[in-house]
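Per-entry structural report
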Amino acid sequence: MASQRTFALVNGMTVEKIGEHLVDWFQMNKNMVAEGGRAQGGGYFVQAKDQEDGWKKISGLTKAIHVQLIKADNNVIVSCDFGKWSDKVGAGALGFFVFAPLAATAAYGAVKQSRLPEEIFAEIEKFIVYGGNSVVVSMGGRLKENEIDCPVCKAKNPKGQKFCKECGAKLGKTCPN
């Protein structure tokens, strides 16, 4: 089940920049293991899958996807193809015959995985429109001198605190790039 979209390469954008951004996006925003590289003919490929977790695999909640970027004139053709449907089929079958909740988790995992291409396309579009620059929009007020924003949930935390009081993420000075 593949999904495909075509994007114009504007603002000095290249297939490699988009591919490298996707690898980072999968790792940082989706908590997935991702790798990418140049393909023959000037394209780029990205593979991403969920972190190894036995329970996720048994319950059919894991996601895996392959993204192929192909340069065509001043455009990039992006194709997304799913990987690892076997865990969902296995969990669904096991759930149907043995343990009914596994059928529900397998269905939920399939739905989550089927939404991934649209998220990828939206991320690529944002990346191209903003010329490869990250844009962070905040609806919150200004930080006080003794506060720091959590990089994950954006909660305000006292300066010097090591972990976010809301989500537990590590706080501190990290390179945004």
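Please read all numbers here as calculations on a predicted model, not as lab measurements.

**Focus on the confidence of the model for the protein chain**
- Put simply, the protein chain has an average pLDDT of 75, and 64% of its residues get 70 or more.
- Taken together, the stretch residues 55-60 has pLDDT below 50 and engages in 18 contacts with residues farther than four places along the chain or on a different chain.
- Ignoring residues within four places in sequence, the model shows residues 84-98, a span with pLDDT below 50, making 29 contacts including any to other chains.

**Some points on the pairing of strand β5 (residues 75-82)**
- Note: strand β4 (residues 64-72) against β5, eight bridges, orientation antiparallel. If you follow Ile70 over to β5, its bridge partner there is Ile77.
- Linking β4 back to β5 in an antiparallel pair, the connection comprises two residues, with Asp73 at a positive phi of about 60°.

**Remarks on the pairing of strand β3 (residues 44-50)**
- Alignment of strand β2 (residues 32-38) against β3, held across seven bridges, turns out to be antiparallel. Within β3, the residue paired with Val33 across the bridge is Lys49.
- Linking two consecutive strands that pair antiparallel, namely β2 and β3, is a turn of five residues; a positive phi of about 85° is found at Gly41 within it.
- Bridging between β3 and β4 involves six bridges; their strand directions are antiparallel. The residue of β4 that forms the bridge with Lys49 is Ala64.

**Comments concerning helix α1 (residues 15-29)**
- Taking 1.5 Å of rise per residue, the 15 residues of α1 would be expected to cover 21 Å, and the 20 Å separating its terminal C-alpha atoms lies within 8% of that figure.
- Three or more residues of α1 are buried, namely Val15, Ile18, Gly19, His21, Leu22, Val23, Trp25 and Phe26.
- In the segment just after α1, Asn31 is the residue with positive phi, at about 55°.

**Description of the pattern of salt bridges**
- Scanning the entire structure with this criterion turns up four salt bridges.
- Across the salt bridge formed by Glu123 and Lys126, the nearest N and O atoms sit 3.4 Å from each other. Linking Glu123 with Lys126, this pair stays in helix α4 (residues 100-129), spanning three residues, or about one helical turn.
- Glu123 sits in the buried class, given a relative accessible area of 11%.

**As for the packing of aromatic side chains**
- Applying the stated criterion across every chain, the model contains two aromatic pairs.
- Between Phe7 and Phe121, the ring centres sit 6.3 Å apart and the planes meet at 50°, which makes this aromatic pair tilted. Taken together, the residues Phe7 in strand β1 (residues 2-8) and Phe121 in helix α4 connect sequence positions 114 residues apart. The pair formed by Phe7 and Phe121 is uniform in burial state, with each residue classed as buried.

The rules behind the values
- Residues numbered from 1 in each chain as written.
- Predicted model: local features only at pLDDT ≥ 70, side-chain atom pairs only at ≥ 80, totals over all residues.
- Heavy atoms only, no water.
- pLDDT = per-residue confidence, 0-100.
- Contact = heavy atoms within 4.5 Å.
- Pairing = 2+ DSSP bridges.
- Helix = DSSP H or I, 4+ residues; strand = E, 2+ residues; numbered from the N terminus.
- Expected span 1.5 Å × (residues − 1).
- Buried < 20%, exposed > 50% of the residue type's maximum accessible area, 1.4 Å probe, protein only.
- Salt bridge = Lys/Arg side-chain N within 4 Å of Asp/Glu carboxyl O.
- Phe/Tyr/Trp six-rings, centres within 6.5 Å; stacked < 30°, edge-to-face > 60°.

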